[in-house]
Amino acid sequence: MMELAPIFTWIHDLLLSLGLGPTWTDLISQIGLAVLVFSLLCIVALFLVWWERKISAHIQQRYGPMMTGWHGVFQTIMDALKLIQKEDIVPAVADRQVFFWAPVIVFTCAFAAYIVIPFGKGLIVSDLNIGILYIIAITTFTIIGLLMAGWGSNNKYALLGGMRSAAQAVSYEVPLVLSIMGVVMVTGSMSMNDIVAAQSGWAGFRWNVIFQPLGFVIYVIAATAEANRTPFDLPEAEQELVAGFNIEYSGMKFAMFFLAEFVNMFTVSAIATTVFLGGWNGPFLPSWIWFLGKTLAMVFLFMLFRWTFPRLRVDQLMEFAWKVLLPLAFVNIIYVGVMSLWLKW
Amino acid sequence: MAEELRTEDMTVNMGPQHPSTHGVCRLVLTVDGEIIRDCVPVIGFLHRAIEKMCENRTYAQCIPLMDRFEYCTSMSCNWAFCLAAEKLGDIKVPERGEYLRVIMGELNRIASHLIFVGVTPMDCGALTPFLYTFRERERIMDLFEMTCGQRLTYNYIRVGGVAKDIPPEFIPKCREFLGIFEEKIRDYEKLLVDNPIWIARNKGIGIITPQLVYDYAISGPSARASGVNFDIRKNDPYSIYDLFDFDIPLGTNGDSYDRFNVRVNEMRQSARIVAQALDQLPDGEIRAKVPLKFKPNPGEVYSRIENSRGEMGVYLVSDGGPKPFRMRARGGSYNHLQAVPHIVKGLKIADLVAIFASMDIIMPEIDR
C-alpha cells in the first residue's frame, strides 16, 4: 500500500544531504508543498465542475458534456481556456480597485484554507495548533470578497447579492462554529492532526459522527449555506438576482469566482471529513485515498442537495439559522458536555 | 453635529431580459432592501400586431397567426378563433372533428401545464423538475408532430373541423402516454408538493382572494385556486365538453401553493378527458364543407374557450367579406399581470418571482 508521506520525507532528506542547510531545505520543501497543494486543488476544482455537470445531467436524465474527451472530462479545461481568452470587461461606473481585488481575495482565501487540512497520514502543510479556528477565519474572509464584488460592480443586482451573502455568512457562521465546537471539546485540541488522531480507534471507525450525529447534521446544513449551495444559494439566485454578485464579471475573473466556489465546496467537505468522519483514518487502503473518498462522498451529498431542492427565501434562511440551527447547536454542545463528563469520552 | 443618516428606496429594473419574467416583461420595482414597495409592469415588448394583421388576411390565413398568439397552447388559440368564425358562418363541425379537437386541446393543455410545473419550481431554485416535465411534454409534441407535422405552432384546427385525420399509430401511442402519465404526475408531487422548502416558499404567499378574482377578472386555474368554481368547459360548454365526465379541481387559499396543485390536478382531469375521447372516438368526416372563399354573414360574435391560462376569447366582426373586419382576442394573462402589483406589495423579490411564475403569465398573450 502506498503512503505518500515517506516520499516527502525522502525528498526532504535528499535536499538536506545535498548540503543546502536546514533553512533553505525547509523553504524549498514548503514552497514545493504549496505548489503541489495548489495544483492539486486546481485539478480538484476542474474535476468538481465536470462532476457536478455530470451528476446534474444524470439526475435530470441528460448526458451532460460528452464531446471533449471520454464523457467530456476535458470540458472544464476547455471552458477555462475559453474564459482566459475572453475580454476582461470592467464596467465604466465600477470602483476599479475594489472590483479588481474582489475575485483575488475570494480565490486566495478559498485556497489558503488548505494549509491545515490533513490530506493523509503526515500529509499536512502546516499543523497549526489553532487549525480549525484558522480555517473558519480564512473561509469567512471569502465573504468580504463577495461583498466587495457586489459593491465594486456598482450594480443593483450585484449589491443585493453581496448584501445577501454577508447576511447569510454571519448567520450561518455561528451554528457552523458551534457544531465544530462539540468536537473540539471532546478532543481538547484545535489542531487538525489531533482531531484526526482522536478518531483513530476501532480499526479506523471511531468517528465523531457516531457520537455527535446532531452536530454533524448541523454542520452539513450550515456548510451548505457557507458554500452558497442550494437550498441556500441566495447570493447568486439567478431567478431573482440574475446572477448575483458576479453579474458584472467576465473572463478570468469570473472563472476565479467559479473555481473558488467549487474549492469552497471541497473545503467544507474536507472539514466535515476531518472533523466528523475520521479524517484519513480507515482500514486497508492508504490514508490519502480514504481522505479523498470521504471528501468526495460529502461533495456528492452537497451536489445531490443542489439538484433536488428548491431555494429558501432570504428571511426564511435567517429564521432557520437563528431560530432552528442555533438552538440545536447549543443543545448539541450541552449534550457533548454532559456526555464527556459522564461517560469520560 | 452628527450627519443625519437616512435610507432611500432603490428602483430596480427587472426585465425585459430577466430570466424569470417568462418572456419579455419589464417590471419596474421600487424596493426597500429586499421588500417590494411598488411594482409597475411595463408591457409591449412582444407586440406583433396580430389583431391588425388578421384584418388583412382571410379567415384561413388568420389561423397561423393565432398560433403565435400564445405559443404554449396554440391548439386552444386556433380553436377559439375557429369557434368564432364558425359561429359567424353557421357551420356545424362533424362529430369526429369535435372529438379530435377535444383530444388535441386537452393534450395541449397538459403540455402547457407541464411547462408550468417545470418552470415554477425553477423560479424557486429547483432546476430538476423542468427536465422531467419536458421529457413528458416531448411525448405530446411527438403526438402532435405525428398528426400535423408541427411541434409548437400547429395550424391544425381549421374553420369547420381539423386539418388532417390522426394517423393509425396515434391512438396506441396516446394510450401509452396516458398510461405512464399518472405515475409521472405523482413523481412531480413527490418532488415538490410534500417538500418542506417548497411549502415554505409557496404556502400563504401571493394570496388572491375571491374578491380580487372578480375585481381583476382573473380566470382559469388561477381563479379556481381561490375557490371560484368557474370553468367555461362546465359553465358555458362549447364543443362537446358536456359529453365527458371530469372534475374541476379547486383550491381553498388562493396562494401560490394552491395554484400549483390546481394545475397538477387539472393535468389528471385532462388526461381523463383524453382517455374518454379516445374510447368514444367515432368514424366519419373530420371537417365540414367550407367554401375556399369563406365569407361569413355580416355581424359580430364573441366566443370563448377555457385555455390553460384562463378565458381565451375571440371577438370577430364581419362585414360579409372574406377577411375579418375586426378581430380582438383576449387572453387571461393580461388580467393576471395587472393583479400582480396588487399582490406583491410588501413581499420580497423572491416572492414576486414565485408569484409571477405561479400565475402562469405568458407575455405573447398580453402583447399580442
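Residues numbered from 1 in each chain as written. Chains lettered and ligands numbered in written order. Predicted model: local features only at pLDDT ≥ 70, side-chain atom pairs only at ≥ 80, totals over all residues.

Attention shifts here to the overall build of chain A. Along its length, chain A carries 14 helices and zero strands. Projected onto the principal axes, the alpha-carbon positions of chain A cover approximately 55 × 55 × 40 Å. Expressed as a percentage of contacts within chain A between residues at least 6 apart in sequence, the contacts between residues at least 24 apart total 78%. (Helix = DSSP H or I, 4+ residues; strand = E, 2+ residues; numbered from the N terminus. Contact = placed C-beta atoms within 7 Å.)

The number of helices and strands found in chain B is 14 helices and eight strands. For 368 residues, the compact-globule formula gives about 21 Å, and the C-alpha radius of gyration of chain B, at 21 Å, lands near that figure. Expressed along its principal axes, the backbone C-alpha trace of chain B runs to roughly 90 × 45 × 35 Å. Looking at the 368 residues of chain B, the share that counts as buried comes to 49%. Summarising the internal contacts of chain B: among those between residues at least 6 apart in sequence, 70% fall at separations of at least 24. (Rg over C-alpha atoms; globule rule 2.2 N^0.38 Å. Buried ≥ 20, exposed ≤ 12 C-beta atoms within 10 Å, placed from the backbone.)

This paragraph deals with the packing of helix α6 (residues 156–187) of chain A against helix α10 (residues 213–226) of chain A. Two numbers describe a pair of packed helices, the interaxial angle and the distance between the axes. All names here are of chain A. Running from amino to carboxyl end, α6 crosses α10 at an angle of 150°, the nearest separation of the two axes being 8 Å. Regarding the angle of α6 to α10, the classification is roughly antiparallel. The two elements α6 and α10 meet at a crossing, and its hand is left-handed. Across the interface between the two elements, Q168, Y172, P175, L176, S179, I180, G182 and V183 from α6 touch G215, I218, Y219, A222, A223, A225 and E226 from α10. (Axes fitted to C-alpha atoms, helices over the stretch in contact; angles between N-to-C directions. Parallel < 35°, antiparallel > 145°, perpendicular 65-115°, else oblique. Left-handed = near helix turned anticlockwise from the far one by under 90°.)

Okay, helix α5 (residues 131–152) of chain A next. The end-to-end C-alpha distance of α5(A) is 32 Å, a good match for the 32 Å that 22 residues give at a rise of 1.5 Å each. Directly beyond the C-terminal end of α5(A), a positive phi value near 55° is found at N154(A). (Expected span 1.5 Å × (residues − 1).)

Residue and element names in this part refer to chain B. Here we have three strands laid out as an open sheet, ordered β1-β2-β3, and antiparallel in their pairing. Unpaired on one side and paired on the other, β1 (10–14) and β3 (35–42) mark the two borders of the sheet. Pairwise comparison of adjacent strand axes, ignoring direction, gives a mean angle of 20° for this sheet. The sheet contact formed by strand β2 (residues 26–32) and β3 spans seven bridges and is antiparallel. In the sheet register, T30 faces β3, and the bridge partner there is D38. (Pairing = 2+ DSSP bridges.)

A word on the environment of I124(A). Inspection of the secondary structure puts I124(A) in the loop between α4 (96–112) and α5. Sequence separation between I124(A) and M192(A) is 68 residues; the distance between their C-alpha atoms is 9.1 Å.

Residues and elements named next belong to chain B. Strand order in the open sheet formed by three strands is β6-β7-β8, with antiparallel pairing between adjacent strands. Looking at the sheet topology across the chains shown, the edges are occupied by β6 (299–307) and β8 (326–330). Strand after strand, the sheet turns through a mean of 10° between neighbouring axes, direction not considered. Both β6 and strand β7 (residues 310–318) contribute to a ladder of nine bridges, which runs antiparallel. In the strand pairing of β7, Y302 is matched with Y315. Strands β6 and β7 of the sheet are contacted by helix α3 (residues 74–89), whose axis makes an angle of about 150° with β6.

This part takes up unusual backbone geometry. All names here are of chain B. Despite not being glycine, A217 shows a phi value in the positive range, around 55°. Inspection of the secondary structure puts A217 in the loop between α8 (210–216) and α9 (221–224). The phi torsion at D360 lies on the positive side, around 55°, for a residue other than glycine. Topologically, D360 is positioned in the loop between α13 (349–358) and α14 (363–367). Among the residues examined, D360 registers 27 C-beta atoms within 10 Å and is labelled buried.

Considering the arrangement of structural elements, one finds A197(A) in helix α7 (residues 192–197). In this structure, the C-alpha to C-alpha distance between A197(A) and T187(A), residues ten residues apart in sequence, is 9.1 Å.

At the junction of the two partners, chain A supplies 23 residues and chain B supplies 26 residues. Where the side of chain A that touches chain B is concerned, the elements lending two or more residues are α11 (238–241), α13 (287–308) and α14 (314–342) of chain A.

Residue and element names in this part refer to chain B. Across chain B, the average pLDDT comes to 85, with 98% of residues at 70 or higher. The spread of mean pLDDT over the elements of chain B runs between β1, the lowest at 80, and helix α11 (residues 256–280), the highest at 89. For this predicted complex, the interface confidence score (ipTM) comes to 0.76, while the overall pTM stands at 0.83. (pLDDT = per-residue confidence, 0-100.)

The next thing to look at is α6(A). All names here are of chain A. Helix length check: α6, at 32 residues, gives a terminal C-alpha distance of 46 Å against a target of 46 Å (1.5 Å per residue), a fit within 8%. Maximum bend of α6: about 30°, positioned at E173, with proline P175 one to four residues after it. A positive backbone phi angle near 80° is found at G188, which sits one or two residues after α6. (Bend = angle between axes of the 7 residues up to and from the residue.)

Residues and elements named next belong to chain B. Because side chains alternate across β2, one face comprises the buried residues L27, L29 and V31, and the other comprises R26, V28, T30 and D32, none of which is buried. Note that β1 and β2 share five bridges and pair antiparallel. Across the sheet, residue M14 finds its bridge partner in β2, namely L27. Turn length for the β2-β3 hairpin, with the two strands adjacent in sequence and antiparallel, is two residues, and the turn residue G33 shows positive phi of about 70°.

Okay, the confidence of the model for chain A next. Predicted coordinates in regions of low pLDDT should not be interpreted in detail. Of the residues in chain A, 95% reach a pLDDT of 70 or more, and the chain-wide mean stands at 82. Here α11(A) stands out as the element of chain A with the lowest mean pLDDT, 61, in contrast to α10(A), whose mean of 87 is the highest.

Residue and element names in this part refer to chain B. For the pair helix α4 (residues 95–123) and α11, interaxial distance at closest approach is 9 Å and the crossing angle is 155°. Regarding the angle of α4 to α11, the classification is roughly antiparallel. At the point where α4 passes α11, the crossing takes the left-handed sense. In contact with Y99, V102, I103, E106, L107, R109, I110, H113, F116, V117 and T120 of α4, α11 contributes F260, R263, V264, E266, M267, S270, A271, I273, V274, A277, L278 and Q280. Taken together, the residues that form the contact of α4 with α11 break down as 15 nonpolar, four polar and four charged. (Nonpolar A, V, L, I, M, F, W, Y, C, P; charged D, E, K, R; others polar.)

Along the chain, L243(B) turns up in the loop between α10 (232–235) and α11. On a C-alpha basis, the gap between L243(B) and Q280(B) in space is 9.9 Å, while along the polypeptide they are 37 residues apart.

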